[in-house]
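# An overview of the molecular structure
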Amino acid sequence: MSVESDVSIRPLRASDREAWDRLFHGYINFYEAKVPADVIDLTWERLIGEKDGFWGAVAVDEHDRPIGLAHVVFHPSTWSSTSYCYLEDLYVDRDARRHGVGRALIKAVYEEADRRGASRTYWATKQDNSQARRLYDRVARLSSFVQYRR
């Protein structure tokens, strides 16, 4: 794979579970987080069933093997009559990076958000995630908002 045009993006399929587990655990490990197994199972069920506003896509190689993932949550907004699209998880397998896979996944998310009439697509990343932020700076506008958590 050498250019974005070689990347195929498609919705998650039930047959992707094993590859999805590998990718999602890679994402969780990247952020040095811990997610209980029952939550991972629930996330899979929500994505596959498109429940609770969840939608998932994978980037696949020429053999239809998933090499990247995008998970989004569509939700209503108090500031808009339409929905918003929150890109909660975006991850590309280390060996597939720097080949347009992340960009293609974001493009697919934008297309799905447009198809559903979402008026905003947004996401967050760690401040020091410089490699991803180089891409994000090219495909979106950095917000001035600061995130707080409990």
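Summarised in this report is the structure supplied together with it. The structure presented is a predicted model; accordingly, all values stated were derived computationally and were not measured.

Those residues of helix α4 (residues 130-139) that fall on the buried side of the exposure criterion are Ala132, Leu135, Tyr136 and Val139. One face of α4 carries all of its buried residues, which in axial projection span an arc of 100°. Exposed residues lying more than 90 degrees from the buried face of α4 are Asp137 and Arg138. Against the buried residues of α4 lie β4 (83-92) and α3 (101-116).

In this section: the pattern of salt bridges. Evaluation of the coordinates by the stated rule reveals 11 salt bridges. Residue Asp93 is joined to Arg22 by a salt bridge in which the shortest nitrogen-to-oxygen separation is 3.6 Å. Highlighted residues: Asp93 in the loop between β4 and α3 and Arg22 in helix α1 (residues 17-30), separated in sequence by 71 residues. Through salt bridges with shared partners, a single ionic network connects Arg10, Arg13, Asp16 and Asp64.

Let us now look at the side chain of Asp61. Along the chain, Asp61 falls in the loop between β2 (54-60) and β3 (66-76). Of the residues examined, Asp61 reaches a relative accessible area of 13% and is grouped as buried. Within the local environment of Asp61, its side chain forms a polar contact with the backbone nitrogen of His63, the two atoms lying 2.8 Å apart.

A few words now on the environment of Val35. If you trace the backbone, Val35 turns up in the loop between α1 and α2 (37-49). On the basis of relative accessible area, Val35 is assigned to the partly exposed category, the value being 31%. For Val35, the contacting residues outside a window of four places in its chain are Ile28 and Ile40.

Non-glycine residue Glu32 carries a positive phi angle of around 50°. Within the secondary structure layout, Glu32 lies in the loop between α1 and α2. Of note, the phi angle at Arg98 is positive, near 70°, even though the residue is not glycine. Within the secondary structure, Arg98 is located in the loop between β4 and α3.

What counts and what doesn't
- Residues numbered from 1 in each chain as written.
- Predicted model: local features only at pLDDT ≥ 70, side-chain atom pairs only at ≥ 80, totals over all residues.
- Heavy atoms only, no water.
- Buried < 20%, exposed > 50% of the residue type's maximum accessible area, 1.4 Å probe, protein only.
- Helix = DSSP H or I, 4+ residues; strand = E, 2+ residues; numbered from the N terminus.
- Arc of directions from axis to C-beta.
- Contact = heavy atoms within 4.5 Å.
- Salt bridge = Lys/Arg side-chain N within 4 Å of Asp/Glu carboxyl O.
- Polar contact = N/O pair within 3.5 Å; in protein donor to acceptor, adjacent residues only side chain to side chain.

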